[in-house]
Amino acid sequence: MDPRAYLCPKCGDTGDDPGILDVHYDYAAARDALSNHASRRGIFRYLPLLPVRDEAPVLPAGATALVAAPRLATRFGAANVFLKDETRNPTRCLKDRATTIAMTLAAESGASAVYCASAGNAAISLAAFAAHRGIRCHAFVPSYASPVRLDWLKRLGAHLHVSTGNYDQAFQEAEQAGCEHGWYSRNCAFNPFLVEGKKTCGLEIAAEIAPDVVIAPVGDGCTLGAIGKGFREAREMGMITRLPRLIGVQAQGVQPMVARFTGKSAPEGETAAASIAVRRPRNALRLLRELKVSNGEMIAVSDSQIESAQKLLAEEAGLVAEFTSAATLAALAQMKSLAGKSVVLVITGGRVD
Ligand SMILES: *Cc1c(COP(=O)(O)O)cnc(C)c1O
């Protein structure tokens, strides 16, 4: 396996949708091997379903709590509402699952440095994991990156490359520099191995319950697409017998994936949900496929609905979530016929700034 083989040699990065490769496993062998790894830490519990040779001594991500929120279940008329509390990861975000794979593969390939393009959670996650291992981290950030997030990156010792342009430009600059210097890429919307870390979120939920509905915020589409893959593999492993409906949430101001799913275009606007304000989603194809097989859908919510949901999460479930992550509860509030259903909200992050 070449840990640097990222894009399809035929379609590559020519169209609007980059041809990001997918990782497959010998599922019969994985099923037999899975129980041998039950005592491993965090996401390495699923080692036979991960594209790494062995567990690496990196910050421990995964094995996050699935927290029942009975007051929210009563309020919205569902049998159960659970919060998959990803704020309990090392940098308070689901991104740490992907970073775990990036750091492991970077070590396996002997890379001297790692890099990513992001002004937010992905860069902070990578900077923290790199600091812990003593590896150089290059963070490519857009011109408008928030001072608070830049401060996090500086504290964690990241080498900052501030672009003169937007996220797309920072992304191009990152890939160019990374390629030139032989650094290891932690860009999920490019490196297919990273979503394998994110899918463990789905595997962990399936190991505890068989939900009817799973709701997550959608930016590039990597997170929910990966969770969908996790549930399909959980079914393959005999952990569950049916797939939950996947519901992807975007903000009304920036909803390209809702538009693609419904076929209806929406006017371009703004949103305070910074972690999902992606105007050109790079992993759309995978997510659309997962939505289809799970009979799922995309929902748009307004910023004021997200704001109310963020407040409600704190007041009735005791969880302080990032603004973006509260969009999951805003979507739940819009759904009908929840009677008898078990719903999981993936609380992707907890950094409030
Ligand atoms: C990155 C991120 C998302 C969206 O993930 P995508 O893979 O871009 O769809 C959602 N919530 C938080 C907190 C994030 O950091």
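Here, the structure is the one placed above.
For the structure given in this document, a descriptive report is provided here. On a predicted model such as this, the values are computed, not experimentally measured, just so you know.

Some points on the site of the ligand
Point 1. Around the ligand, a shell composed of 18 residues is seen, among which Lys95, Asn121, Gly219, Asp220 and Thr348 lie nearest.
Point 2. Within the backbone of Cys222, one N or O atom sits 3.1 Å away from an oxygen atom of the ligand.
Point 3. For the ligand, whose accessible area on its own is 380 Å², the fraction buried by protein is 95%.

Description of the packing of aromatic side chains
Point 1. With the rule as written, the count across this model stands at five aromatic pairs.
Point 2. Both rings, one in Tyr115 and one in Phe140, keep their centres 6.5 Å apart while their planes meet at 80°; by these two values the pair is edge-to-face. Pair noted here: Tyr115 is in strand E3 (residues 113–117) and Phe140 is in strand E4 (residues 136–141), with a separation of 25 residues, a long-range link. An identical accessibility class is assigned to Tyr115 and Phe140; each is buried.
Point 3. Connected via pairs of aromatic rings, a cluster forms that spans Tyr115, Phe140 and Trp183.
Point 4. Cation over ring: Arg282 sits above Phe171, and NZ or CZ is 4.0 Å from the ring centre.
Point 5. A cation sits over an aromatic face here: Arg351 above Trp152, 4.6 Å from the ring centre.

Regarding the nonpolar core
Point 1. Formed by 82 residues in total, the largest nonpolar core has its most connected members in Leu49, Ile101, Val114, Leu153, Tyr184, Leu224 and Phe231.
Point 2. A domain split of this core shows at least three residues from each of domain 1 (66–93 + 195–347) and domain 2 (94–185).
Point 3. Discounting residues that sit within four places of it in the chain, Leu49 has contacts with Tyr25, Tyr27, Ala30, Leu34, Glu196, Lys199, Leu203, Glu233 and Met237.
Point 4. By size, the runner-up hydrophobic cluster in this structure holds 33 residues, among which are Val249, Leu313, Ala331 and Ile347.

Some points on the state of the cysteines
Point 1. Applying the stated criterion across every chain yields a total of zero disulfides.
Point 2. Here Cys116 is not cross-linked by a disulfide; its sulfur's nearest cysteine counterpart is in Cys137, at 5.9 Å.
Point 3. For Cys137, a relative accessible area of 2% gives the class buried.

Details of the sheet that holds strand E5 (residues 159–162)
Point 1. Reading across the sheet, the four strands line up as E5-E4-E3-E6 and stay open at both edges, with parallel pairing between neighbours. Across the chains shown, the open sheet's two edge strands, defined by having one partner strand only, are E5 and strand E6 (184–185).
Point 2. Bridge count for E3 against E6 is two bridges, and the pairing is parallel. Paired with Tyr115 across the two strands is Ser185, which belongs to E6.

Some details on the pattern of salt bridges
Point 1. This model, assessed by the stated rule, comprises 21 salt bridges.
Point 2. For the salt bridge of Arg155 with Asp151, the shortest nitrogen-to-oxygen distance reads 2.8 Å. Linking Arg155 with Asp151, this pair stays in helix H5 (residues 147–155), spanning four residues, or about one helical turn.
Point 3. Salt bridges linked by common partners bring Asp22, Glu196, Lys199, Lys229, Glu233 and Arg286 together as one network.

Observations concerning unusual backbone geometry
Point 1. Positive phi is not limited to glycine here, since Ala63 has a value of about 55°.
Point 2. Relative to the elements of secondary structure, Ala63 occurs in the loop between helix H1 (27–33) and strand E1 (66–68).
Point 3. With phi around 65°, Arg92 is a residue other than glycine that occupies positive phi space.
Point 4. Mapping Arg92 onto the fold places it in the loop between strand E2 (80–85) and helix H3 (95–108).
Point 5. On the accessibility criterion, Arg92 (41% relative accessible area) is partly exposed.

Things to note about the environment of Tyr167
Point 1. Examined against the element boundaries, Tyr167 turns out to sit in helix H6 (residues 167–181).
Point 2. Taking the C-alpha atoms as reference points, Tyr167 and Arg88, 79 residues apart in sequence, are found 27 Å from one another.
Point 3. When residues no more than four places from it in sequence are discounted, the contact partners of Tyr167 are Ala117, Ser118, Pro142, Tyr144, Asp220 and Arg282.

Here's the deal with the packing of helix H4 (residues 121–133) against H5
Point 1. Contact geometry for H4 and H5: axes closest at 9 Å, N-to-C directions at 15°. Judged by the inter-axis angle, H4 sits roughly parallel to H5. In this structure, H4 meets H5 at a crossing whose hand is left-handed. Together, Asn121, Ala123, Ile124 and Ala127 of H4 and Arg149, Trp152 and Leu153 of H5 make up the contact between the two elements.

About the cut-offs
Residues numbered from 1 in each chain as written. Predicted model: local features only at pLDDT ≥ 70, side-chain atom pairs only at ≥ 80, totals over all residues. Heavy atoms only, no water. Near = heavy atom within 4 Å. Polar contact = N/O pair within 3.5 Å; in protein donor to acceptor, adjacent residues only side chain to side chain. Areas by Shrake-Rupley, 256 points an atom, 1.4 Å probe, with all protein chains shown as cover. Phe/Tyr/Trp six-rings, centres within 6.5 Å; stacked < 30°, edge-to-face > 60°. Helix = DSSP H or I, 4+ residues; strand = E, 2+ residues; numbered from the N terminus. Buried < 20%, exposed > 50% of the residue type's maximum accessible area, 1.4 Å probe, protein only. Lys NZ or Arg CZ within 6 Å of the ring centre and 35° of its normal. Core = buried A, V, L, I, M, F, W, Y, C linked by side-chain atoms within 4.5 Å. Domains from an automatic or database assignment. Contact = heavy atoms within 4.5 Å. Disulfide = S-S within 2.5 Å. Pairing = 2+ DSSP bridges. Salt bridge = Lys/Arg side-chain N within 4 Å of Asp/Glu carboxyl O. Axes fitted to C-alpha atoms, helices over the stretch in contact; angles between N-to-C directions. Parallel < 35°, antiparallel > 145°, perpendicular 65-115°, else oblique. Left-handed = near helix turned anticlockwise from the far one by under 90°.

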